[in-house]
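Residue-level structural notes
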Amino acid sequence: MIALAWTFARKDLTLYLRDRTALALSILLPLFLAGIFGAAMGSFGGKNTIGKVRILVEDLDGTPRSKELVQLLTATEGLRVQVETDVRKRVANGKAPAALVVPSGYGADLDAGRGMRLKLYRDPAQEIEQQIIAGNLLPVLFRAGGSKLSRDVVKRGMSELGLSVDAIPGFDAAFDSTWELMQGLAETAQSNGGSVEATGSTTAAKEDASADPDFLTRLPNFLGLEVEDVAGGEDQDNRRAGKSHAVSGIGVMMLLFGLVAAGGSILEERAQGTLTRLLLTPASSASVLLGKFLFTFLSGMLQLVILFAFGTLVFDVPVWRDPLAVLVVSASVCAAATSLGLFLAVSCNSRKQLEGLSTLIILVMSALGGSWFPLAITPEWYRTLGHFTLNAWAMDAYQGLFWYQKGLGGVWLEVLVLLAIAGTMAALAARGWHRRFATNA
Amino acid sequence: MSAPADSTAGLAIEVRGLVRSFGDRRAVDGLDLEVRRGESLGLLGPNGAGKTTTIRILSTLARPTAGHVRVLGLDPEREPAELRRRIGVVPQELALYDDLTARENLAFFARAHGLDGARRTERVDWALELARLADRASDRVNSFSGGMKRRLNLVVALLHEPELVFLDEPTVGIDPQSRNHVFEMVERLVAGGTTIVYTTHQLGEVERLCARIVVLDRGRKLAEGALRDLQRLASDRRTHALRLDAGSDAEVARALLAERGIAARVEEEFPSLEEVFLGLTGRALRDDEG
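Residues numbered from 1 in each chain as written. Chains lettered and ligands numbered in written order. Predicted model: local features only at pLDDT ≥ 70, side-chain atom pairs only at ≥ 80, totals over all residues. Heavy atoms only, no water.

Description of helix α3 (residues 102-112) of chain B
- Every buried residue of α3(B) is listed here: A102(B), N105(B), L106(B), A107(B), F109(B) and A110(B).
- At its buried positions, α3(B) is contacted by α12 (274-279) of chain A together with α4 (117-130) and α5 (146-156) of chain B.
- Remark: G114(B) follows α3(B) within two positions and exhibits a positive phi of approximately 90°. (Buried < 20%, exposed > 50% of the residue type's maximum accessible area, 1.4 Å probe, protein only. Helix = DSSP H or I, 4+ residues; strand = E, 2+ residues; numbered from the N terminus. Contact = heavy atoms within 4.5 Å.)

What follows is the structure, encoded as structure tokens:
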């Protein structure tokens, strides 16, 4: 019996080894995906490469004091400082996780011992970035203010409460000692959460955040930092950002699977002979391909409508806030995905080959394009690479509508790119169709 | 069957020096072929003879590498849409949508051929009657027997009343009753003046259905003519049979011939297995048992 069982197993092994698609899916795909995940989490090649978190700075003061602050920020390990204007709008539109505004009079206030007045705008959806920013920003503010300033601010604050600290013997010495302690704490926070310590440190930062969920909004008041969340509409519930990401991310990935399968009906029809029969009718072969496009496109739109209805009912994702914008974006996404599906279908010789190839391509595109996790947590190079996929542009467009509450005008670039992808893929699909499927070949 | 005035007479198919190459291999190698209007031609040949490639070229599905081709007076390469309106092709595979009903399949292909409204309904009903599927018109094709599918596969190609029909092994894998019905359908077409090109490995089918036969091998025409013409090509292997009326004594007949110096032997002749089978099971279609 064992010998016979081994004969059967050997036969299956031979068939498996001859099936290139199965081999690719079972061996290469897991390796490739593991590589992508590793790279996304910043540990590719064993290096800590998650990258610096971008923070916008708008210096309305322009004094040596404010320039010194910007220099201190630029020198941190975890932040990539970009000096910009109109930063609030950029954060509200999801262009950056946070922005620091240095108001006019900042330097004068410091010189006069009046303390800081700074404004920090945040996108609460980018939760991990906020922790990294906090870990890097607070030590900078401590340094910029100096111990004397901080001591004066505390004294003034306590005076307003009716407590005269000048009467307390040894207050200055105690404060200086506390100052040193806080600087030490800030440096520890920087090394734990603010630096670029790849996956483990990111997780640690997140755990710190759960212990002290808004570390950044309480402590900074002491230094004169006002924090305002500007993205996410009225409730600014960052859990909704996660839900809207999940709905649109899974939606785009499943849409791709569905549309490739629908496009594969070309191969199915060829195998069963009905395609030949269609090509024997007076209808042009282009109309047969267009029919496939329409069917695939409409099935994709239906799939998205059902998914978004689910997202609205179950997760309260504000899908229908701007129906026209959602319709235009969805039509663009469906057109791009449909064209890709048809291109893959006409590039393959059999349904089996298509299933293998499309699974590989869609999973890789989904991982790179942010369907599984927000691209915001990945290194810069990963985000750039991700935007060579239609997933990334689709995700940007949907997040723009659902979380950042932009209108159609706010996602026109994403729509244009998706339509360009659709046009390019459709042209390639038509070329493949006429070469390999259409009549008179 | 309507046809333009300039192509109503003469040849339905005219092929001169047809070549179709796939790399170094020639699937069709200098073929000459003529089929008259209303004629039923049998295209015989082993696998790889070039039958299917020839039909693909004649029916606009493939381009010739070289040669002159005219079908119903049209160039298949330059006038494919016009030609497709006037020809029908019955493919060897069952080219049907399994999850559609018989009527839905017919209506879809009728629409694809440009039939609309009452005309489409009329032709679909006609096809269902011809295939003897009217009572199963609303059933999905995936519930049909092999014979029912074959008959439906055939009538789909006739919806638009083609002047010329190519049939590529239309009886593969079906029971004798359905095969017999397919023969009857083809005979009706021939009687109605439709030109038929019929390919098969079953020589008996060609004998029954085709007035003229072309034998192909390796892309070339080996022989051509009516059945008797082809049989004369093997006249050295000809024998004669003397048939006796029922009740006659065969041994007495053989002795009488021997007295006249004619050598003969007595052999019993039985009906073919198909005749026995049809005699036992009848000729009625067995669709319900599919």
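From this point, things continue past the structure.
Some words on the pattern of salt bridges
- The final tally for this structure, using the stated rule, is 33 salt bridges over all chains.
- Between R65(A) and D111(A) there is a salt bridge whose closest N-O contact spans 2.9 Å. Within this pair, whereas R65(A) is found in helix α3 (residues 64-74), its partner D111(A) is found in helix α5 (residues 106-111), the two being separated by 46 residues in sequence.
- The exposure class assigned to D111(A) is exposed, which follows from its relative accessible area of 56%.
- We note a salt bridge from R120(B) to D116(B), for which the minimum N-O separation is 3.4 Å. (Salt bridge = Lys/Arg side-chain N within 4 Å of Asp/Glu carboxyl O.)

Topic: the sheet that holds strand β1 (residues 11-22) of chain B
Residue and element names in this part refer to chain B.
- Across the sheet, 3 strands lie side by side as β2-β1-β4; this open sheet has antiparallel pairing. Every other strand in the sheet has two partners, leaving β2 (25-36) and β4 (66-71) as the edge strands with one partner each. For this sheet, the mean inter-axis angle between neighbouring strands, taken without regard to orientation, is 15°.
- Pairing of β1 with β4, which is carried by 5 bridges, proceeds in the antiparallel orientation. (Pairing = 2+ DSSP bridges. Axes fitted to C-alpha atoms, helices over the stretch in contact; angles between N-to-C directions.)

Concerning the interface of chain A and chain B
- Listed by partner, the interface residues are 15 residues for chain A and 27 residues for chain B.
- Carbon and sulfur atoms supply 54% of the area that chain A and chain B bury against each other, a total of about 1800 Å² over both sides.
- Along the contact surface separating chain A from chain B lie 0 salt bridges.
- Linking chain A with chain B are 5 residue pairs in polar contact (both at pLDDT 80 or more).
- Elements represented by at least two residues in the side of chain A that touches chain B include exactly α11 (265-272) and α12 of chain A. (Buried area = accessible area lost by both parts, 1.4 Å probe. Polar contact = N/O pair within 3.5 Å; in protein donor to acceptor, adjacent residues only side chain to side chain.)

Some words on the environment of V197(B)
- Relative to the assigned elements, V197(B) resides in strand β7 (residues 195-199).
- Not counting chain neighbours up to four residues away, the residues in contact with V197(B) comprise I13(B), L41(B), L43(B), L164(B), V165(B), F166(B) and L167(B).

Remarks on the sheet that holds strand β4 (residues 118-122) of chain A
Residue and element names in this part refer to chain A.
- Here 5 strands make up an open sheet; going across it, the order is β2-β1-β3-β4-β5 and the pairing mixed. In this open sheet, the two edge strands, each paired with only one partner strand, are β2 (79-83) and β5 (225-229). For this sheet the average axis-to-axis angle between neighbouring strands, irrespective of direction, equals 25°.
- Bridge count between strand β1 (residues 53-59) and strand β3 (residues 98-102): 4 bridges; the pairing is parallel. Within β3, the position partnered with L56 by the bridge is A99.

A closer look at the packing of helix α14 (residues 323-347) of chain A against helix α17 (residues 390-402) of chain A
All names here are of chain A.
- For the pair α14 and α17, the least separation of the axes is 10 Å and the interaxial angle reads 170°. As far as their axial angle goes, α17 and α14 are roughly antiparallel. Here A325, V326, V329, S330, V333, A336, A337 and L340 of α14 lie close against α17, whose contacting residues are L390, A394, A397, Y398, L401 and F402. (Parallel < 35°, antiparallel > 145°, perpendicular 65-115°, else oblique.)

Quick look at the nonpolar core
- L100(A), W433(A) and I13(B) are the most contacted members of the largest nonpolar core, which totals 164 residues.
- Sorting elements by how many residues they give to this core places α14(A) first, with 13 residues.
- Beyond its immediate sequence surroundings of up to four residues, I13(B) is in contact with L33(B), E34(B), V35(B), L58(B), R70(B), V71(B), L164(B), F166(B) and V197(B).
- In terms of nonpolar packing, the next biggest core, distinct from the first, is built from 9 residues, V87(A), V91(A), A99(A) and Y121(A) among them. (Core = buried A, V, L, I, M, F, W, Y, C linked by side-chain atoms within 4.5 Å.)

Section: the packing of aromatic side chains
- What the rule picks out here adds up to 11 aromatic pairs over all chains.
- Each ring, one from Y398(A) and one from F402(A), has its centre 5.4 Å from the other, and the planes form 20°; the classification is stacked. Within this pair, Y398(A) and its partner F402(A) are both found in helix α17, separated by 4 residues, close to a single helical turn. There is no split in this pair, since Y398(A) and F402(A) are both buried.
- Grouping aromatic residues by their ring pairs yields a cluster made of F308(A), Y398(A) and F402(A).
- Across from the ring centre of W126(B), 4.0 Å away, lies the NZ or CZ of R123(B), which sits over that ring. (Phe/Tyr/Trp six-rings, centres within 6.5 Å; stacked < 30°, edge-to-face > 60°. Lys NZ or Arg CZ within 6 Å of the ring centre and 35° of its normal.)

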